[in-house]
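If you want the building blocks of each chain, they are given just below.
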Amino acid sequence: MKDYEKTTAFLGQWGPFQKIVFFLLCTSTVPNGFSAFSVIFLADIPDHHCQIPGTNLSEDWIRASIPTKAVNGKLELSKCRRYKLDIIRNLSSQGCNPEDIDLTDIEQEKCVDGWTYSKDIYQSTIVTEEEERNTKPKESNNVLDLMRTSNIRRTTLILFLVWLTLSMGYFGLSLNTSRLHGDPFVNCFISAAIEVPAYITSWLSLRYLPRRLSCSASMLLGGGVLYFIQLVPPSLPSLSVALEMMGKFGIAIGTALMFTYTGELYPTVLRNTAVGSCAMVSRVGSAIAPYFIHLNVYHQHLPYILLGTLCLLSSTTTLFLPESFNQPLPETIGQMQKRDTINCSCFSRKHEEKDLFQDTLSTISTSVKILQEERF
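Cut-off values and rules
- Residues numbered from 1 in each chain as written.
- Predicted model: local features only at pLDDT ≥ 70, side-chain atom pairs only at ≥ 80, totals over all residues.
- Heavy atoms only, no water.
- Helix = DSSP H or I, 4+ residues; strand = E, 2+ residues; numbered from the N terminus.
- Buried < 20%, exposed > 50% of the residue type's maximum accessible area, 1.4 Å probe, protein only.
- Contact = heavy atoms within 4.5 Å.
- Areas by Shrake-Rupley, 256 points an atom, 1.4 Å probe, with all protein chains shown as cover.
- Polar contact = N/O pair within 3.5 Å; in protein donor to acceptor, adjacent residues only side chain to side chain.
- Core = buried A, V, L, I, M, F, W, Y, C linked by side-chain atoms within 4.5 Å.
- Pairing = 2+ DSSP bridges.
- Salt bridge = Lys/Arg side-chain N within 4 Å of Asp/Glu carboxyl O.
- Expected span 1.5 Å × (residues − 1).
- Arc of directions from axis to C-beta.
- Phe/Tyr/Trp six-rings, centres within 6.5 Å; stacked < 30°, edge-to-face > 60°.
- Axes fitted to C-alpha atoms, helices over the stretch in contact; angles between N-to-C directions.
- Parallel < 35°, antiparallel > 145°, perpendicular 65-115°, else oblique.
- Left-handed = near helix turned anticlockwise from the far one by under 90°.
- Lys, Arg positive; Asp, Glu negative; His and termini not counted.

Colleague: Even after reading the chapter, I still don't get the overall build of the chain, so can you show me in this structure?
Modeller: A count of helical and extended segments in the chain gives 16 helices and six strands. Per-residue burial over the chain gives 33% buried out of 376 residues. Sequence separation of 24 or more characterises 75% of the internal contacts of the chain that already satisfy a separation of 6 or more. With the model as given, the accessible surface of the chain reaches about 24,100 Å², and the carbon-plus-sulfur share is 62%.

Colleague: Even after reading the chapter, I still don't get the side chain of Ser78, so can you show me in this structure?
Modeller: Inspection of the secondary structure assignment puts Ser78 in the loop between strand E3 (74-77) and strand E4 (81-83). Within the local environment of Ser78, its side chain forms a polar contact with the backbone nitrogen of Arg81, the two atoms lying 3.2 Å apart. Not counting residues within four places of it along the chain, the set of residues in contact with Ser78 comprises His48, His49, Cys50, Ile66 and Pro67.

Colleague: Help me understand the nonpolar core, please; the structure alone is not making it clear to me.
Modeller: Nonpolar side chains tend to gather and get buried jointly when the protein is soluble and globular. Among the nonpolar cores identified, the biggest contains 43 residues, and Leu159, Met258 and Tyr266 are the most heavily contacted of them. Within the residue set of this core, elements represented by two or more residues are helix H8 (150-175), helix H11 (211-228), helix H12 (237-265), helix H13 (271-292), helix H14 (302-318) and helix H15 (333-337). Here this core gets 11 residues from one element, more than from any other, and that element is H12. Ignoring any residue separated from it by four or fewer positions in sequence, one finds Leu159 in contact with Met258, Thr262, Leu265, Tyr266, Cys278 and Leu321. In terms of nonpolar packing, the next biggest core, distinct from the first, is built from 13 residues, Cys50, Ala64, Ile66 and Leu103 among them.

Colleague: It is not clear to me how the pairing of strand E2 (residues 68-71) should be interpreted in this structure. Could you clarify?
Modeller: On a regular strand, one side chain projects to one face of the sheet and the next to the other, so that they alternate. As defined by bridge partners, E2 adjoins E3 across four bridges and the pair is classed as antiparallel. Paired with Lys69 across the two strands is Glu76, which belongs to E3. Between the end of E2 and the start of E3, which pair antiparallel, lie two residues, with Asn72 showing a positive phi angle near 55°.

Colleague: Which parts of the structure should I look at to understand the pattern of salt bridges?
Modeller: In a structure, side chains of opposite charge can pair up when their charged atoms sit close to one another. All chains considered together, the criterion is met by nine salt bridges. Note that Asp113 is salt-bridged to Arg82, the shortest N-O span being 2.9 Å. You can see Asp113 sitting in the loop between strand E5 (108-110) and strand E6 (115-117) and its partner Arg82 sitting in strand E4, a full 31 residues away along the chain. Judged by relative accessible area, Asp113 falls into the partly exposed class, the value being 32%. We classify Arg82 as buried; its relative accessible area is 2%. Within this structure, Arg82, Glu109 and Asp113 form a network of salt bridges that share partners.

Colleague: Got a minute to help me understand helix H10 (residues 195-208) in this structure?
Modeller: Since the α-helix advances by 3.6 residues per turn, residues separated by three or four positions end up pointing in the same direction. With 14 residues, H10 should reach 20 Å at 1.5 Å per residue; the first-to-last C-alpha distance of 20 Å fits that figure. Among the residues of H10, those classed as buried are Glu195, Ala198, Ser202 and Ser205. The buried residues of H10 all sit within an arc of 80° when viewed along its axis, so they share a single face.

Colleague: What am I meant to see in the packing of aromatic side chains here?
Modeller: For any pair of aromatic rings, the description rests on two quantities: the centre-to-centre distance and the angle between the ring planes. Under the defined criterion, the tally for this structure stands at three aromatic pairs. Centre to centre, the rings of Trp14 and Phe22 are 5.9 Å apart; their planes meet at 70°, and the pair counts as edge-to-face. Residue classification places Trp14 among the exposed positions, given a relative accessible area of 55%. With a centroid separation of 4.8 Å and 70° between ring planes, the pair formed by Trp163 and Phe259 is classed as edge-to-face. Residue Trp163 is located in helix H8, and its partner Phe259 is located in helix H12; the two are separated by 96 residues in the primary sequence. Among the residues examined, Trp163 registers a relative accessible area of 5% and is labelled buried. Given the relative accessible area of 47%, Phe259 is considered partly exposed.

Colleague: Mind showing me how you'd approach the packing of helix H9 (residues 184-193) against H12 here?
Modeller: A pair of packed helices is characterised by two quantities: the angle between their axes and the separation of those axes. At a closest axis distance of 9 Å, the pairing of H9 and H12 adopts a crossing angle of 30°. By the angle class used here, H9 and H12 are roughly parallel. Crossing of H9 over H12 shows right-handed handedness. Along its contact with H9, which presents Asn187, Ile190, Ser191 and Ala192, the element H12 presents Val241, Met245 and Lys248.

Colleague: Before we go on, may I ask you to explain the side chain of Glu323 in this structure?
Modeller: Locating Glu323 in the fold gives a position in the loop between H14 and H15. Despite its burial, Glu323 remains without a salt bridge, the nearest opposite charge being carried by Arg212 at 4.0 Å. From its side chain, Glu323 meets the backbone nitrogen of Arg212 in a polar contact 3.1 Å long. Of the polar contacts made by the side chain of Glu323, one reaches the backbone nitrogen of Phe325; its length is 2.9 Å.

Colleague: Even after reading the chapter, I still don't get unusual backbone geometry, so can you show me in this structure?
Modeller: Negative phi values dominate among residues other than glycine, just as trans dominates among peptide bonds. For Asn72, which is not glycine, the phi torsion reads 55° and is therefore positive. Along the chain, Asn72 turns up in the loop between E2 and E3. Of the residues examined, Asn72 reaches a relative accessible area of 79% and is grouped as exposed. A positive phi angle is found at Asn326, which is not glycine, with a value near 55°. With respect to the helices and strands, the residue Asn326 is situated in the loop between H14 and H15. The exposure class of Asn326 is exposed, given its relative accessible area of 67%.

Below, the structure is given as structure tokens:
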């Protein structure tokens, strides 16, 4: 680059400001060393031997089930072999003692049941946790499980709508600050500052209020005030700004609440998948937001009317989600399906008819079995 010195002259010389910035940047890299070399401890392999699964063996026989070998003049337990467990159980059931038998003649086998790791130094490492994960039977779950049953599917679709609306509203109102009456810099500051009380309110709501009510009320507030903007006379532009900031206040509360609420609704095996999927849908809303606010070329208040409608719709549908406040987190998909929800009368009628049909089939089946028993 020509005239590099002149082009970068606005940055200033190597003065106190540059030295402070350089020192702070260097200081910020110090924790990187801890992060880079933490693998020394996280990936260490503790002392281990073959696992002896729960059996009726005595402690003496369990200790004797692991072969020993001399390493540097010291006897150590084998890390990869054990005496064949069937033979050990047979000897134990016959009342034999390990001291009375030459165990070296017994056939050995691999660690087919995994390993037992020493906790003298580490409570756990990546190695031990991976071993525990591999030895436990796991149910394979994927994003399609979010639509597996009617209850989960309804919850997922409602959350998709809510996340899309909140993201569209949050970014739409934030990007619209330059179009408001007054100084755009002041408006942008107010738009950012309003999030501080919003997040404090969301924190208090999470601690003391039901999730369903809090989320619905926040979106009702955010969408309701946007409707009133079209009623403000042109002579009161500051009131329009205040109403829009109040709308962002409600939407910011709802956005913060939904991260926690969504995680509480899904079981452990689907929690990350559900939150990630909802976040993906919300990105669609944030991508639409810049174009959404330009709808005012067709009607000045059209963005507010559409966004207010979406917020009120989301507020209403949130009432049909399960309540998770002071409830244990579901561990399985079955536990999620058992949570109570508010149902529409049409849905309730269908479920009642289904339950009645199943009860009728059960009664008929029982009657047939009784007739067959009396016949024979």
